[in-house]
Amino acid sequence: MTDDTHRFYRFSNQTSYEALTAASDAARGFPNDTAERWLPTWDELFVDPETTTDRLYCIKRRNILDTDDFSGEGITEIDLETYLERLHWEEPMEEDLEMIDDLQLEEPWTN
Amino acid sequence: MALNLSTLTSPATSGNVLQEVTTTADFLESVPVLRNLARGTNAGGDAEQSVALNQPKALPLIDGEGYLYVSGIAGNSATVPHESSLNLTNELEVVARVKYRSYSGADAQCIVAKWAYGDFNFRFHTSGYLEVFFKDSANVSRSTSSAYTVYNNNVSDGDTIWVKMTIDASSTSTNIDFYTSKDSVKNEGDVTWTALGTTRTITTNGGITSGTNPVSFGAFDNSGNINDDLVTGAILKANYKSAIGGSPVLDVDFTANNVRHGDTKFKCATGQVVTINQSGNDPATVIKKPVLRFDGVNSVLRGLLGHTHSEGYLFAAFTGLSTGGDRWGRVFTTNPEGLTDNAHGIQYIAHAANTSDIGVEQGIGTAYHLGLWDKEKNVLVDLKVTNGLQRSRVNNADEQASTNSLNVSTDQFNIGANEGTETRNDGENAPLDLEYLALFPATITDAQADQIRNYINNRNRVFSLIDSQGYFFFDGAATDDGQVLSSSTPWNGRIVGSDNGDSDFYISQNTLDDRPTTDGYKITFADNTDHFDIPSTTQAGWQVVGTSKGTFAYRVNANAVSELTMLGNAGTYRASGDLYGIILLPESATNRDIEEARKLLIDRGALDAAYTGGFGSAWLNRTDIVEFRQTAFQGATTLFRGWKGNSNLVSFSAIQATNCSNFQDAWYGCSSLTQFPQDAKLGTEASNVNFTSAWQSSGLTSFPALDLSSGIIFVASWNNTNISKFPLLNLNNGRDFELAWRNNNLLTDFPSGFFDSWNPITIYSGVFNETWDGCPALTATSVENILTSIAASGKWSTQSGLEGGTALSDATIDIDYNVATGSLTAATLSAIETLNGRGWSVNINGVIQ
C-alpha cells in the first residue's frame, strides 16, 4: 500500500460520502438493490479515532474511474503517512510520559 | 517393503489377503502378478493376469524419486503461464532429466517447449535426434538437430537420462549444441555431459524472439492447443536459462520435496506456478509413491482367496482417476466361483455409476461415499463386513453402516474389474491408481482394524486430519486465475469427505475495493481494507494460516466469526500479503496434525517462519485466540501491538524474536495469559529494544528470568499485572522504568541487586516516575532491595548518570509498599541518604523521604 497504488481519504460528511458512492456505483453498473458495491457503507469505514465522527479509508487506484467525484463537502484526500497516523492515533495516556516523546520508536504501521 | 502381518495381528488371526503395490516392476512395465505378502495360514493366492493387454502398468518411483508421468494422450501435460521473466534475448540453455518409454517413434516428443509464437521447442526427433525450433529476432522460424541420435551416446529406450541444449544467437552465425548424460546423479551440477556431435552453426537474423505462450512439458502448443509431440514417460526435472551457464529463469523439479503425490498445481523453485493438465483415464500425474495404474478399459487382476471367506475387513488405498471408464468399475470385489460379485460377493468397492462417488457394496445393499472418486483425492477405504454389521469409511470419515444379515461366502477376488463369468468377463473396469490392498478376517477387533488403517496411512500418507475432521480448507490453489471472489463466484472451503466440513462453505467480498484477488494459486490482500465476509460461524479449533509472512497456527475459541483476513479470523487489524490457504482443524488435533497442516501450506509456497519485516498489530484484539503456536519470529523487526487485546490467550509458546527491537504493547491486555514462556528470546540479537507496556494489563502471575539485556525502554512494561515475585533480570541498559511495575497489587518481592550494574548510555527524566506506585503488597525488604541497588549503581540523577551532568527534570523514585511488613530499614534509610546526595528524590507511600 503506497501513495502510488492507493488514494487516502478522510470523510467528514456521511451525506457526501453516500452521494459519492451512489453515483459511482451507478457508473459501475452496480444496482443499488444488491450487496455489490464499489466502496463499503459508511458504517464499515474506519472510525477516525481522534474525532470519532470522521471516517478514514484507503481506495485502490486501480478501482477508481475518471468519473468518480471526490469533490463533495467533507471529503478530504490525505497521504499515506497521515492516513496511518490518524488511523492509529490514540488518546494520550493519563500519565505524563514526557520522555517517551523523545524516543525514536519504530513506526509500526509500515510492515 | 514387505508388511509383516504379525506386526499388526497375532499369527493366529493372520489375514487372508494382503496385497502390496511395492512392485519390482519397472516404470511403465505391465504387471502380471501382484504378490500376496500375507504369511498367515489363511493367506490367499497372488493376484494375476496372464493376458498382457489386460495387465495394469507400474508407476514406481524412479531411482527413489518422484516425477511427472505423462501418458502420451492429448490433454496431458504440465504448463507454466508466460511471464516477462521468461523472455529470451540472445541465449538459451535447456536442461532436463527424463525417462521416456522410447526416444524415437512415429512422432517427435517434447522435452521443454515455449512455442507457437516465439521462443523455442526442444524435443526428441522421431529418429532419436535431439532437435530444437526457435524464432530469431526477425521472427523467422529456425531449427536444427543433433549430428547424432541419442542412441549414439549409448542411450537406450527407457533409460533415465539427462539432456541439454544451448543456443548462442548473439550473432547471425548462431551456434547450437546438444548433449546427453546417463549419469545417475540427481543434481545438474554433478552431470558429466557428452556432446551429440559437433556444434551446429546456422545462419539467422540473430537473437531469439519471445512470445506469450506458456511453457509446456509432455506436449507442446502447435496450434493453440497443447496437444502435439506427446510424450509417454516421466519428467523428473527441467529448467531453462536465458544465458548459457546462468541461473534458471524457470526451474521445474518434480522430485522436489514440496511437490506432493497427485498435486495438480505447485510453485516451482523459481516461483512460477506449474499446472498439471489432466485428461481421460490415463491422466498426467505427479507420482511420489508407487502405484499400479488400471486403465479403466481392460486392466484386471484376479486371485483365489484360498479359503471360504464370508466375513472380514478390507482396506484399500487408491485414487480414482476419471469419471470415465465403465459404469460401476470395480476397485476390489470378492465372489463365489462362477457367481457374480455384485449379487454374491461380500466386499466390493467400486466407482459408482460414473459419478464422482465411491460405491461400497456391504454384502447386501450399497453405500455411497459422495464426491470421493476424484483424481485429486487419494483415499483409504476401510470396510468391515460381518453378519449383522456392515460399515465403510473413507479416510477414517464419512462412515456408512448397515445391519443386514448375511449368509454368503466367497473364494475369489478381483481387482480393477468385475468377476469372471462368461457374460461379464473383464468388464466394469475402473481407471484407478492402486496403492495398497489388504483383507483381514473378522476375528480381528475394531481396535486392531484401526491400527491397521493407521499403519497403512502412516506408511502411504494417504490422508490427514484435514480430510477426515477438518472444518474448512480455503485453498488458494482451488481458485481460478482471476476469479472474482464475490458472492457470485465465491471461495469454497468445503472439504469433501470430512465429517466436520463436507458441505459448501463460501466466503466472498461484495465490496469491490475490499476484495482480495487470486492468481489461481494464492490470494492477495493488497491493503488493510481487504477481507472476506463469511457466514457467521462458531467453530472452535486449530486455525492454520499459510501466508507470505509466515505459516501460523492458533487454537481459536467458539467466538462468532463473520470476517476472515489474511491471518485468519478477524481482529481489529487486517494484514496485507499473500494467502495460500486457511485450514480449521478440530480442537483434538495433535501436534503432528497441526504440523502436517502447516507443512501442506508451506509446501504450497507459504513461508514457514515469520518473514523479515514488521508484525505491527498483526493479531490485534484477536479475542478468539486461546493458544498461539507458531513462534519462529527471528525475522520480525517489530511486534508492536502484536497480540494486544488477546484477552482469551492462555498459552503462548516460546517465541524466538531475537532480532525484534519493538515489543511495545505486544501482549498488552492479554488478561488470560498467566505464564510467559521461559525459553522465549526477545530482542536478544537486537539493540535499543523497546518494551514499553509489553505485558501491561496482562494476566501474568509470574515472569521468567528472560534475557532482556538489549532493552532500553521499560515504560509500563509490567504495569497492572498479577505478578507476586519479580525475578532478577539484567535490565542494565534500561533508560526509562517509568510506571514499569505500577499497579501490581500482588507484587510482594522485588529482588536485591536488580540495579547494581545499571549502566545505561543515558537516563531519561522520570526514569522512576510512579515506577512502583500502586504496589500495596510490596515488602519493606523489597523497598530496601530497590533503593540499595539503585544506590549501588552509583548513578547520579543526570542524563549521563554522572556527577555534573545535565540534571533530570524529574528525578523522583516513586514507591508504594505495605507498611505492615515493617518500617523502612536502616539500610533503606542509608540508601536514601546516598541517593539524595546524588540528586535523587525518594517518594515512599506519597511522602518524600
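Residues numbered from 1 in each chain as written. Chains lettered and ligands numbered in written order. Predicted model: local features only at pLDDT ≥ 70, side-chain atom pairs only at ≥ 80, totals over all residues. Heavy atoms only, no water.

Participant: Can you break down the environment of B:Ser402 residue by residue, with the values?
Facilitator: In this fold, B:Ser402 is placed in strand β33 (residues 397-402). In sequence terms B:Ser402 and B:Arg391 are eleven residues apart; their C-alpha atoms lie 6.4 Å from each other. (Helix = DSSP H or I, 4+ residues; strand = E, 2+ residues; numbered from the N terminus.)

Participant: With reference to specific residues and values, describe the side chain of B:Ser299.
Facilitator: Residues and elements named next belong to chain B. Its place among the elements puts Ser 299 in the loop between β24 (291-295) and β25 (301-309). Relative accessible area serves as the criterion here: at 1%, Ser 299 is assigned to the buried category. Here the side chain of Ser 299 touches Asp 295 through a polar contact of 3.0 Å, side chain to side chain. (Buried < 20%, exposed > 50% of the residue type's maximum accessible area, 1.4 Å probe, protein only. Polar contact = N/O pair within 3.5 Å; in protein donor to acceptor, adjacent residues only side chain to side chain.)

Participant: How would you sum up a negative patch on the surface? Please name residues and give values.
Facilitator: A surface patch of negative charge is lined by A:Asp3, A:Asp4, A:Asp79, A:Glu81 and A:Glu85. Positionally, A:Glu85 belongs in helix α2 (residues 80-87). (Patch = residues over 30% accessible without salt bridge, like charges linked within 9 Å, V, L, I, M, F, W, Y side chains within 5 Å. Areas by Shrake-Rupley, 256 points an atom, 1.4 Å probe, with all protein chains shown as cover. Salt bridge = Lys/Arg side-chain N within 4 Å of Asp/Glu carboxyl O. Lys, Arg positive; Asp, Glu negative; His and termini not counted. Charge placed at Lys NZ, Arg CZ, Asp CG, Glu CD.)

Participant: Can you explain helix α6 (residues 826-837) of chain B? Please cite residues and give values.
Facilitator: Residues and elements named next belong to chain B. Over its twelve residues, α6 extends 17 Å from the first C-alpha to the last, a length consistent with the 16 Å expected when each residue adds 1.5 Å. Every buried residue of α6 is listed here: Thr 828, Ala 831, Ile 832 and Leu 835. Considered in projection along α6, the buried side chains sweep an arc of 105 degrees and stay on one side of the axis. Away from its buried face by more than 90 degrees, α6 exposes Ala 826 and Glu 833. Among the structural elements, α5 (780-793), β55 (812-815) and β56 (841-844) are those in contact with the buried residues of α6. After α6 finishes, the residue Gly 839 shows a positive phi value of roughly 95 degrees. (Expected span 1.5 Å × (residues − 1). Arc of directions from axis to C-beta. Contact = heavy atoms within 4.5 Å.)

Participant: Quick one: what's the story with α5(B), residue by residue and with numbers?
Facilitator: Residue and element names in this part refer to chain B. With 14 residues, α5 extends 20 Å between its outermost C-alpha atoms, agreeing within 8% with the 20 Å of an ideal straight helix rising 1.5 Å per residue. Of all the 14 residues making up α5, ten are buried; the element is thus mostly covered by neighbouring parts of the structure. On its buried face, α5 sits against β55, α6 and β56. Of the residues flanking the end of α5, it is Gly 794, one or two places downstream, whose phi is positive at about 80 degrees.

Participant: Tell me what's going on with the packing of aromatic side chains, and back it up with residues and numbers.
Facilitator: By the definition in use, this model includes 87 aromatic pairs over all chains. Their ring planes at 80 degrees and their centres at 5.4 Å tell us that B:Phe737 and B:Phe755 sit as a pair that is edge-to-face. Of the two residues, B:Phe737 is situated in the loop between β54 (711-713) and α5 and B:Phe755 in the loop between β54 and α5; the sequence distance between them amounts to 18 residues. Relative to B:Phe768, the ring of B:Phe755 lies with its centre 5.5 Å away and its plane at 85 degrees, an arrangement referred to as edge-to-face. Pair noted here: B:Phe755 is in the loop between β54 and α5 and B:Phe768 is in the loop between β54 and α5, with a separation of 13 residues, a long-range link. Looking at A:Arg7, its charged tip hangs above the ring of A:Phe70, at a distance of 5.0 Å from the centre. Directly above the ring of B:Trp115 sits B:Lys135, whose terminal nitrogen or CZ lies 5.1 Å from the centroid. (Phe/Tyr/Trp six-rings, centres within 6.5 Å; stacked < 30°, edge-to-face > 60°. Lys NZ or Arg CZ within 6 Å of the ring centre and 35° of its normal.)

Participant: Go over the confidence of the model for chain B, please, and point to the residues and values.
Facilitator: Predicted confidence across chain B gives a mean pLDDT of 92, with 96% of residues reaching 70 or more. Low pLDDT, under 50, characterises residues 1-23 of chain B; the stretch is placed with 92 contacts to residues that sit more than four places away or in other chains. (pLDDT = per-residue confidence, 0-100.)

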